[in-house]
Amino acid sequence: MFSSGAISRTWRAAAVKAPLRTFAQAAAGSARKVQMSNFEKDQHINYQRIEDNLAIVRKRQVGCGRATRAGGTLNQPMTLAEKIVYGHLDDAHNQDIERGKSYLKLRPDRVACQDATAQMALLQFMSAGLPNVAVPSTVHCDHLIEAQVGGAKDLSRAKDINKEVYDFLASSCAKYGLGFWNPGSGIIHQIILENYAFPGGLMIGTDSHTPNAGGLGMVAIGVGGADAVDVMADIPWELKCPKVIGVKLTGQLSGWTSAKDVILKVAGILTVKGGTGAIVEYFGPGVDSLSCTGMATICNMGAEIGATTSVFPYNSRMSDYLKATTRPYIADWADSFQHNLKADAGANYDQVIEIDLNTLEPHINGPFTPDLATPLSKFKEAVKANNWPAKLEVGLIGSCTNSSYEDMSRSASIAQEALDHGLKTKSIFTITPGSEQIRATIERDGQMETLNAAGGVVLANACGPCIGQWDRQDVPKGTKNSIITSYNRNFTGRNDANPQTHAFVASPEIVTAMTFAGDLTFDPTKDTLIGADGKPFRFSAPNGNELPPRGYDPGEETYQAPPKEKGDILVQVSPSSNRLQLLEPFKKWDGKDMEDMPILIKVKGKCTTDHISMAGPWLKFRGHLDNISNNMLIGALNSENNAVNSVKNMFSGNYDTVPGVARDYKAKQQPWIVIGDENYGEGSSREHAALEVRHLGGAAVITKSFARIHETNCKKQGLLPLTFANPADYDKIAPEDKVSIQGLTSFSEGVPLNLHVKKADGSSVDIKLNHTFNEDQIKWFKFGSALNQMAAKAQARA
């Protein structure tokens, strides 16, 4: 058994190693070879392939696609997003390209997985029977560490509790050729930014905040584990050709306004679904006033507007960051390729938003949704008008969104000023370093000492409270209270599993300042506090270096490289484990329409992946499909009784938990469906929200609209994600109805299906259902899942 700390180098025999055919080194064009990272010196960035692909695309004749006239060419000014995406086409000569319609087949440069989603991704990869991943891939242990008392103790406890999972991940990574970042190394997105992101690259990651790498000019997209398996198995990855939303930045940031306020403002404009199906591309003179890590913050939280990803053009701030993180060779290479790392003049955007950084003020978003944006100057009024709890119980800074050296330095400048006036925080104050490198550097340079002295508690280098890994003890569950964080997401109960917690999102500077007041109505830009000397004072505007003047301190070594020569590495999954479970293939479609199915639940209102498959304490079961299925839809609101986790069993007439009724239907071999509302499945990339429904016998999810990642995850697992052609038809369905999905025997791209609804009184109604399946995706459904199809192809080749 492998230890997640260090892997033995005593291999018995060399294992078969599949050739790494990464996009980044696919073409022979340029003789220059620039390594992809300090950890992968044999993998190279190939900008020439992007250049060649774009030359092909520009010359091609098209119909009515994105060309401005029929019979035109794609030789028009391109956005940066288009350059990077089209530059990674698998077949640039023949690929159909039309924004918002075509499905592109792409070759990503790399894959990144966090430990909670990596378990299922690796279990699926194991099922494919391949010896090695085909692209550079990494696993990062950040999700399974619960915040209790502080960094070192929490980390030690997590290593003990999660040993079985960490050993599985470490040994799987060694066996299949992935890099492994041990617990304590930091949050996946910070590690990627520090070590792997590069301008012009294309990466997919099994976490919705993968777009963080857009701060280094990379198109980085959150996906489910099945998509990651495709890429690791050398299968082109499919993405609907994204639209491009342009955000023009003018002016310069100053004072209390930070990069976080840009995305808080954008979220308020676009809402949680306004970016769906689009890449958000920032441009304009204001971009140069943002640090590289500030740009990453903006891209990170772009996930909250439903965007496919967000990206910034390459500039000197990115070059400075690459050099500071010991990758000057990438900066030099990017400098020579700048023409393809920015939009062409006159590039066409589907929508343009303009933000003047000179006039942008700090914002606070929430509660319960990340798009309820309120300017700081109006927040006091909003707190009173909405009867939000004004007392601030906890302030939390850090996380993958805001844990850079600059963030910690600016927060520490506020804490130091408070200390100079004899004050400590009135609210509980926690600090989450994004990586071991950040932790070690702020410890060396004094920011950590300042934050501790002010009353702060430094947590482990992990996700912690941001994803619900928080053993909160200061208020009883069910108590109405307020917290403010520098995180990215604030859905009901997300941080502490308390639906009465009003969670607000702001910049780390605003969060830090508010903890000294202990009051949400405090405006640090104009209100005063009383110092220990009895005199009032007002905080100065925060300040801090964007990069450490003495360079980064890497801290403790936490990386495990895949061995160059592998022996018979054993990856064990115990049949009696309650944490890990080998996967069984889902059943194939039986070739018939689906008849007389019950509605397990008709969901009312917002239903995120947190509602469908909660995180927090459930994270420990992410590698065990049957166990984690006990949380399926337990947070969704039932329209019939306005209750959560309470649905009627059509056979017994009794109410039970949602998973309980689903299991009873499954035991009786009775398929069922879910009816959902708008933007169903927004939030995390967790494919468990689809896997659990499929595992417990679900056949389809029918909604007004879907979030992008969840819709794809449903397709990958053999479910039917369908939408009402007329969203008002949602109201025609009652929870006690029985439904049939008709048209499946001739299921084809672009052709709607029919929902035949039988009412309890004997009447019926037919409802038109749309879908976004293409012909390849229809095959996933027919095979029972994308993985089933992959396995069938592998078996046919054997």
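All values reported here derive from a predicted model rather than from experimental measurement. What you see as residue numbers is a count from 1 along each chain, following the sequence as written. Local features in this predicted model are restricted to residues of pLDDT 70 or higher, and side-chain atom pairs are both shown and tallied only at a pLDDT of 80 or more, whereas totals for entire chains, interfaces and linings draw on every residue. Only hydrogens and water are removed before side-chain values are computed, so all heavy atoms of the structure are retained for them.

Here we look at the overall build of the protein chain
Under the scheme used here, helices are H or I runs from DSSP no shorter than 4 residues and strands are E runs no shorter than 2 residues, and both carry numbers assigned from the N terminus. In terms of helices and strands, the protein chain carries 23 helices and 34 strands. Two things to know: the radius of gyration comes from C-alpha atoms, and the globule rule equals 2.2 Å times the number of residues to the power 0.38. In terms of C-alpha radius of gyration, the protein chain reaches 26 Å, essentially the compact-globule figure of 28 Å for 798 residues. Seen along its three principal axes, the alpha-carbon backbone of the protein chain occupies a region of about 80 × 65 × 65 Å. Relative to its full complement of 798 residues, the protein chain shows a buried share of 63%. The criterion used for residue contact is that any of the two residues' heavy atoms lie within 4.5 Å. Summarising the internal contacts of the protein chain: among those between residues at least 6 apart in sequence, 74% fall at separations of at least 24. Per-residue and other accessible areas follow the Shrake-Rupley method at a 1.4 Å probe size, with only the shown protein chains counted as cover for residues. On the protein chain, roughly 27700 Å² of surface is accessible, and the fraction owed to carbon and sulfur atoms is 49%. Here the protein chain contributes 82 positive and 85 negative side-chain charges, whose respective centroids are spaced 3 Å apart. Relative accessible area decides the class of each residue, using a 1.4 Å probe on protein chains only: under 20% of the type maximum gives buried, over 50% gives exposed, and in between gives partly exposed. Within this scheme the basic residues Lys and Arg register as positive and the acidic residues Asp and Glu register as negative, but His and the chain ends are omitted. To locate a charge, the coordinates of NZ of Lys, CZ of Arg, CG of Asp or CD of Glu are taken.

Looking at the pattern of salt bridges
Close approach of charged atoms allows side chains with opposite charge to pair. We define a salt bridge as a side-chain nitrogen of Lys or Arg found within 4 Å of a carboxyl oxygen belonging to Asp or Glu. This structure, assessed with the given rule, holds 35 salt bridges. Between Asp 90 and Arg 107 there is a salt bridge whose closest N-O contact spans 2.8 Å. Highlighted residues: Asp 90 in the loop between helix 2 (80-87) and strand 3 (103-106) and Arg 107 in the loop between strand 3 and strand 4 (110-114), separated in sequence by 17 residues. Under the relative-accessibility criterion, Asp 90 is labelled partly exposed at 30%. For Arg 107, a relative accessible area of 17% translates into the label buried. Put simply, Lys 716 and Asp 230 hold a salt bridge, and the shortest N to O gap is 2.2 Å. On the criterion of sequence distance, the pair formed by Lys 716 in helix 21 (residues 708-716) and Asp 230 in helix 7 (residues 225-232) is long-range, its members being 486 residues apart. You can call Lys 716 buried: its relative accessible area is 2%.

Regarding the sheet that holds strand 6 (residues 179-181)
One bridge is not enough; two strands pair if DSSP finds at least two bridges between them. Strand order in this open sheet of 6 strands is 8-7-4-5-6-23, and the pairing throughout is mixed. Two strands bound the open sheet, and with one partner strand each, they are strand 8 (219-222) and strand 23 (559-560). Bridge count between strand 5 (residues 137-140) and strand 6: 3 bridges; the pairing is parallel. Counterpart to Thr 138 in the pairing with strand 6 is Gly 179.

Thoughts on the pairing of strand 30 (residues 698-703)
For strand 30, a buried count of 6 out of 6 residues is recorded, marking the element as mostly surrounded by other parts of the structure. Where strand 29 (residues 672-675) lies against strand 30, 4 bridges are found, and the strand directions are parallel. The residue of strand 30 that forms the bridge with Val 674 is Val 701. In this region the chain leaves strand 29, passes through helix 20 (residues 688-695) and returns to the parallel neighbour strand 30; the handedness of that crossover is right-handed. Call a crossover right-handed when, viewed with both strands pointing away from you, the route from the first strand across the helix to the second goes clockwise. Viewed along the sheet, the connection from strand 30 through helix 21 into strand 31 (residues 720-724) turns out right-handed.

What to know about unusual backbone geometry
With an omega of 5°, the peptide bond between Gly 366 and Pro 367 qualifies as cis. Residue placement: Pro 367 occurs in the loop between strand 14 (363-365) and strand 15 (373-375). A positive phi angle, close to 55°, is found at Asn 642, a residue other than glycine. Structurally, the position occupied by Asn 642 is in the loop between strand 25 (637-638) and strand 26 (643-644). In this structure, Gln 669 takes a positive phi of about 55° despite not being glycine. Checked against the element boundaries, Gln 669 lands in the loop between helix 19 (658-667) and strand 29. Taking the relative accessible area as the measure of exposure, Gln 669 reaches 68% and is therefore exposed.

Examining helix 4 (residues 151-161)
Those residues of helix 4 that fall on the buried side of the exposure criterion are Gly 151, Asp 154, Leu 155 and Ala 158. When helix 4 is viewed along its axis, its buried side chains cluster within an angular range of 100° and face the same direction. Seen from the open side of helix 4, the exposed residues pointing more than 90 degrees away from its buried face are Ala 152, Lys 153 and Asp 160. Looking at the packing, one finds that the buried side of helix 4 touches helix 5 (163-176) and strand 18 (456-458). Think of it as the arc spanned by the lines of direction from the helix axis to the C-beta atoms.

Details of helix 22 (residues 775-783)
Buried residues of helix 22: Gln 777, Ile 778, Trp 780 and Phe 781, and no others. The buried side chains of helix 22 occupy one side of the element, clustering within an arc of 150° when seen end-on. Considering only its buried residues, helix 22 is in contact with strand 3, strand 9 (237-240), strand 24 (594-602), helix 21, strand 31 and helix 23 (786-797). Phi turns positive, to about 100°, at Gly 784, one or two residues after helix 22.

Examining the pairing of strand 24
Taken across its 9 residues, strand 24 has 7 buried, putting it largely inside the fold. In terms of strand pairing, strand 24 meets strand 32 (residues 738-742) through 3 bridges, oriented antiparallel. For Met 594, the partnering residue across the bridge sits in strand 32 and is Ile 741. Where strand 24 and strand 29 come together, 3 bridges link them in parallel fashion. The residue of strand 29 that forms the bridge with Lys 602 is Ile 675.

Brief notes about the nonpolar core
Take the buried Ala, Val, Leu, Ile, Met, Phe, Trp, Tyr and Cys residues and link them wherever side-chain atoms come within 4.5 Å; each set so joined is a nonpolar core. Formed by 175 residues in total, the largest nonpolar core has its most connected members in Tyr 86, Leu 249, Tyr 282, Phe 312 and Phe 539. Residues in contact with Leu 249, not counting those within four places in the same chain, are Val 262, Tyr 282, Phe 283, Gly 284, Pro 285, Gly 286, Val 287, Leu 290, Phe 312, Ile 355 and Leu 357.

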